[in-house]
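The lines below spell out each chain.
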Amino acid sequence: MRTTHLEDNFQQKIDAEERIEPKDWMPETYRKTLIRQISQHAHSEIVGMLPEGNWITRAPTLRRKAALLAKVQDEAGHGLYLYCAAETLGVSRDTLLDELHTGKAKYSSIFNYPTIAWADMGAIGWLVDGAAIMNQVPLCRASYGPYARAMVRICKEESFHQRQGFEIMLTLSKGTPTQKAMAQDALNRWWWPSLMMFGPNDAESQHTEQSVRWKIKRFTNDELRQKFVDATVPQAEILGITIPDPDLKWNEERGHYDFGAINWDEFWQVVKGNGPCNQERMEARIKAHEDGEWVREAAMAYANKQSQKLTEQVA
Amino acid sequence: MSAEEWPLFEVFIRSKSGLHHKHAGSLHAADATMALENARDVYTRRQEGVSIWVVESKHIAASDPADSDAFFEPAKDKIYRHPTFYDLPDELKHM
Ligand SMILES: [Fe+2]
Ligand SMILES: [Fe+2]
């Protein structure tokens, strides 16, 4: 079959909402785009463990500690599901990790902000996981089967993440004035970076159009951001804390909240590596990987030895 | 990237007794014992299973999607294998 014919067939399948599976024919650019998107997503899950891991030993109660630990474990699982999905496209785990560690691959910029107070665990669960859910729910219907299936599993697990974060925020905002001020401060610091999580405005976004055609993106960045704002404003009202945006107001005509301009200079600075924690995060990742090297080697050596013994016994 | 990469395993989970094992995903492990333990830790953190199978991915033989038309062709024209193919009177209930 000629390539154009294959490509037509491929697009028809996608238009008919059929899923593409690993061994099916796919355009090279589809494969490359997916590897980039899925691995970037996997890296975000793994790097995302660091800012929260920072508070596990200092959680205020055993209940909070158990929940935070479980959440961070879940994120490790999410990373694993996604790496495996990327590997079905013919790229090795080692290559993916190498791309992260050399800075060739990106991860979500939100994780380059510091977690300086316990309230940040609340704000992250509520806002960062909340924004992630907005992004991830439509991806459960992504055209690539292994990616969509990984997202279904992930989305099931995410809802507890957001709820435990909101509960932390709720406890703080119903607490002493100092505790309420902590919750407000965390919201102040995490609000704008959370809005940036959806990526550049549609007009600036390079990949959107093709990705929408391939159904590896179902909504544009701006559509998802708007959904997030609309969902989150009433939640802040329940908490009784104020979203740090003087331009935020309900627009009757649009049926949506209007919100202020995002500081894209800050966004691009953090993407380029100049955020408050970029260096620290990369160092922690690389150290964990290098420190684990002897364990991976020893486990493999042990496994090889065991299987050798087994063949000798049989012989 | 100096060390040898751990082999890939496919994970199958029986969600409760009486049901088939179903493909849940995959993971890397040094051997089958580690694969089982890791599968428990990533795929059944919320009691999603009562039994796990793991098999090294390289041992799975799969049909080729490019040939699937020809491969599955023999079943296409055999509608008489389905109960609805047979014309029976309406009076006959429950058959
Ligand atoms: Fe996650
Ligand atoms: Fe999460």
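Residues numbered from 1 in each chain as written. Chains lettered and ligands numbered in written order. Predicted model: local features only at pLDDT ≥ 70, side-chain atom pairs only at ≥ 80, totals over all residues. Heavy atoms only, no water.

(A) Focus on the overall build of chain B. The secondary structure content of chain B amounts to two helices and three strands. Helices and strands appear in chain B in the N-to-C order β-β-α-β-α. In summary, chain B has a C-alpha radius of gyration of 21 Å against a globular reference of 12 Å for 95 residues, an excess of more than 25%. Overall, the C-alpha framework of chain B stretches about 70 × 35 × 15 Å when taken along its three principal axes. Sorting the 95 residues of chain B into buried and exposed places 26% on the buried side. Split by element, the accessible area of chain B, about 7300 Å² in all, is 56% carbon and sulfur. (Helix = DSSP H or I, 4+ residues; strand = E, 2+ residues; numbered from the N terminus. Rg over C-alpha atoms; globule rule 2.2 N^0.38 Å. Buried < 20%, exposed > 50% of the residue type's maximum accessible area, 1.4 Å probe, protein only. Areas by Shrake-Rupley, 256 points an atom, 1.4 Å probe, with all protein chains shown as cover.)

(B) Quick peek at the packing of aromatic side chains. All names here are of chain A. If you walk through the whole model with that rule in mind, you get 15 aromatic pairs over all chains. Aromatic pair Trp55 and Trp118: ring centres 6.3 Å apart, planes at 65 degrees, arrangement edge-to-face. Remark: Trp118 occurs in the loop between helix H5 (93–101) and helix H6 (119–136) and Trp55 occurs in the loop between helix H3 (49–53) and helix H4 (62–87); sequence separation between them is 63 residues. Summarising the burial analysis for this pair, Trp55 and Trp118 share the class buried. Residues Trp126 and Phe166 carry aromatic rings whose centres are separated by 5.8 Å and whose planes lie at 75 degrees to one another, so their mutual orientation is edge-to-face. Taken together, the positions of Trp126 in helix H6 and Phe166 in helix H7 (residues 145–173) put the pair 40 residues apart, joining distant regions of the chain. (Phe/Tyr/Trp six-rings, centres within 6.5 Å; stacked < 30°, edge-to-face > 60°.)

(C) Representation of the interface of chain B and chain A. On the chain A side, the residues contacting the 22 residues of chain B number 26 residues. Around 2000 Å² of area is buried between chain B and chain A when both sides are counted, 53% of it from carbon and sulfur atoms. Our count for the contact surface shared by chain B and chain A stands at four salt bridges. Two residues, Arg46(B) and Glu157(A), come together in a salt bridge whose shortest N-O distance is 3.4 Å. Linking chain B with chain A are 10 residue pairs in polar contact (both at pLDDT 80 or more). (Contact = heavy atoms within 4.5 Å. Buried area = accessible area lost by both parts, 1.4 Å probe. Salt bridge = Lys/Arg side-chain N within 4 Å of Asp/Glu carboxyl O. Polar contact = N/O pair within 3.5 Å; in protein donor to acceptor, adjacent residues only side chain to side chain.)

(D) Inspection of a nonpolar patch on the surface at higher detail. A surface patch of nonpolar side chains, amounting to about 770 Å² of accessible area, comprises Ile79(B), Tyr80(B), Phe85(B), Tyr86(B), Leu88(B), Leu92(B) and Met95(B). Here Ile79(B) is to be found in the segment after helix H2 (68–72). (Patch = residues over 30% accessible without salt bridge, like charges linked within 9 Å, V, L, I, M, F, W, Y side chains within 5 Å.)

(E) Looking closely at the coordination of the iron ion (ligand 2). Residue and element names in this part refer to chain A. Glu75 (OE), Asp129 (OD), Glu158 (OE) and His161 (ND1) make up the full set of protein donors to the iron ion (ligand 2), lying at 2.0 to 2.2 Å. Every donor counted, the four donor atoms about the iron ion (ligand 2) form angles of 83 to 168 degrees at the centre, which fits irregular coordination. Each donor residue of the iron ion (ligand 2) belongs to the same chain, and together they define the spacing E-x53-D-x28-E-x2-H. The distance between the iron ion (ligand 2) and the iron ion (ligand 1) is 3.3 Å, with Glu75 acting as a donor to both metals. Placement of the pair is Glu75 in helix H4 and His161 in helix H7, with a sequence separation of 86 residues. (Donors = N, O, S within 2.8 Å, 3.2 Å for Na, K, Ca; no water. Tetrahedral: all angles 85-135°; square planar, octahedral: opposite > 155°, others 65-115°.)

(F) A look at the layout of surface pockets. Of the pockets and cavities examined, the second largest pocket occupies roughly 1400 Å³. In terms of lining residues, the second largest pocket is bounded by 40 residues, among which Arg149(A), Glu10(B), His23(B), Ala24(B) and Gly25(B) are the most central. Every element with two or more residues in the lining of the second largest pocket is listed here: H4 and H7 of chain A together with strand S1 (8–14) and strand S2 (21–28) of chain B. With seven residues, H7(A) is the single largest residue contributor to the lining of the second largest pocket. (1 Å grid on protein atoms, 1.4 Å probe; cavity = no way out; pocket = protein on both sides within 12 Å on 5 of 7 lines; lining within 4 Å. Points joined across faces, edges and corners; volume = space filled by probe spheres on them.)

(G) Representation of the coordination of the iron ion (ligand 1) within the structure. Residues and elements named next belong to chain A. With distances of 2.1 to 2.3 Å, the protein atoms coordinating the iron ion (ligand 1) are Glu45 (OE), Glu75 (OE), His78 (ND1) and Glu158 (OE). Taken together, the four donor atoms coordinating the iron ion (ligand 1) span angles of 81 to 157 degrees at the metal, a pattern that classifies the geometry as irregular. Sequence spacing of the donor residues for the iron ion (ligand 1), all on one chain, is E-x29-E-x2-H-x79-E. Judged by relative accessible area, His78 falls into the buried class, the value being 0%.

Just distances and angles here, no functional claims.
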